Amino acid sequence: SIISSKLYPDMTLDDAVSNLLNKKIIPFIREKKIDIVDSKEIKDALAKMNNEAIKTFLIKLGDVIYPLYRLYSDNSGNMKFYQLFDFYKNFDIFPELISLPQMKMIFFTLCESSLTNNDSNNTKSSQRKTEQIDFSLFLESLGIASMFFNFKDIVSDIDRLLYICYFIWKSDGIKKQKIEEN
């Protein structure tokens, strides 16, 4: 807020912060290319995605969350980083539950794993899918994100997923997306 007020002295503090975020920081993040980070934290979270209860939960969540995903994905049904960033920001997952470095790590790790998995099947297809995720990877990103935050009252992995669902439900993400479209 201090930087915002210095950059935009003629604006109210809320408008200055909003302007800094929407005109400077978010466009910078959208354009920034980042190397994949190898981390024990992400590996542990990825390993938890193999749990049958979590897989089942994410599949059921997919039925409910798909319409929201379509609001943020491109015409081919994929998401680039800036689209995932917008979703996480609008639905209060970022910065409330996870940090920007964690979000980048999740996204680019999933892109890399998708690229690796597709590489054995079809090299041309994998080259086109660089730095974007499909719906199944989006669901996995929510699952992984839920493993990153630490609240002493939330200990089970399913409870973590439920907490992310609660954040999505209580947010104004749909309203924010519609405002951004206009």
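This report concerns the structure included in the present document. (Residues numbered from 1 in each chain as written. Predicted model: local features only at pLDDT ≥ 70, side-chain atom pairs only at ≥ 80, totals over all residues. Heavy atoms only, no water.)

## A closer look at unusual backbone geometry
Link 1 in the chain: The omega torsion of the bond from F94 to P95 falls at 0°, within 30 degrees of zero and hence cis.
Link 2 in the chain: Looking at where P95 falls in the secondary structure, it is placed in the loop between α5 (81-90) and α6 (100-121).
Link 3 in the chain: Phi is positive for D92, which is not a glycine, with a value near 65°.
Link 4 in the chain: Its location among the elements puts D92 in the loop between α5 and α6.
Link 5 in the chain: Judged by its relative accessible area of 18%, D92 falls in the buried class. (Helix = DSSP H or I, 4+ residues; strand = E, 2+ residues; numbered from the N terminus. Buried < 20%, exposed > 50% of the residue type's maximum accessible area, 1.4 Å probe, protein only.)

## Observations regarding the nonpolar core
Link 1 in the chain: Within the largest apolar cluster, 47 residues are counted, with the highest numbers of intra-cluster contacts made by I65, F87, Y88, F138 and L142.
Link 2 in the chain: In terms of residue count, the dominant contributor to this core is helix α8 (residues 135-148) (9 residues).
Link 3 in the chain: Apart from residues no more than four positions distant in its own chain, L142 is found in contact with L61, I65, F87, Y88, I93, L161, I164 and I168. (Core = buried A, V, L, I, M, F, W, Y, C linked by side-chain atoms within 4.5 Å. Contact = heavy atoms within 4.5 Å.)

## A few points about the packing of aromatic side chains
Here the distance between the centres and the angle between the planes together describe a pair of aromatic rings.
Link 1 in the chain: Applying the stated rule across the entire model yields 20 aromatic pairs.
Link 2 in the chain: Relative to F138, the ring of F87 has its centre 4.9 Å away and its plane inclined at 90°; by these criteria the two rings are edge-to-face. Note that F87 is positioned in helix α5 and F138 in helix α8, a separation of 51 residues in sequence. We note that F87, like F138, is buried.
Link 3 in the chain: Among the aromatic residues, ring-to-ring pairing joins Y66, Y69, Y72, F87, Y88, F91, F135 and F138 into one connected group.
Link 4 in the chain: When the ring centre of F149 is taken as reference, the NZ or CZ atom of R160 above it lies at 5.7 Å.
Link 5 in the chain: We note K170 situated over the ring of F167; from NZ or CZ to the ring centre the distance is 4.7 Å. (Phe/Tyr/Trp six-rings, centres within 6.5 Å; stacked < 30°, edge-to-face > 60°. Lys NZ or Arg CZ within 6 Å of the ring centre and 35° of its normal.)

## Here's the deal with the side chain of S73
Link 1 in the chain: Here S73 shows up in the loop between α4 (52-72) and α5.
Link 2 in the chain: A polar contact is formed between the side chain of S73 and the side chain of R70, at a distance of 3.1 Å.
Link 3 in the chain: When near neighbours in sequence (up to four residues on either side) are disregarded, S73 contacts N78, M79 and Q83. (Polar contact = N/O pair within 3.5 Å; in protein donor to acceptor, adjacent residues only side chain to side chain.)

## Describing the environment of I133
Link 1 in the chain: In this fold, I133 is placed in the loop between α7 (123-128) and α8.
Link 2 in the chain: For I133, a relative accessible area of 1% corresponds to the buried category.
Link 3 in the chain: Remark: the alpha-carbon pair of I133 and G77, spanning 56 residues in sequence, is separated by 8.8 Å.
Link 4 in the chain: With residues near it in sequence (within four places) discarded, I133 still touches Y69, G77, N78, M79, L84, F107, L110, C111 and F138.

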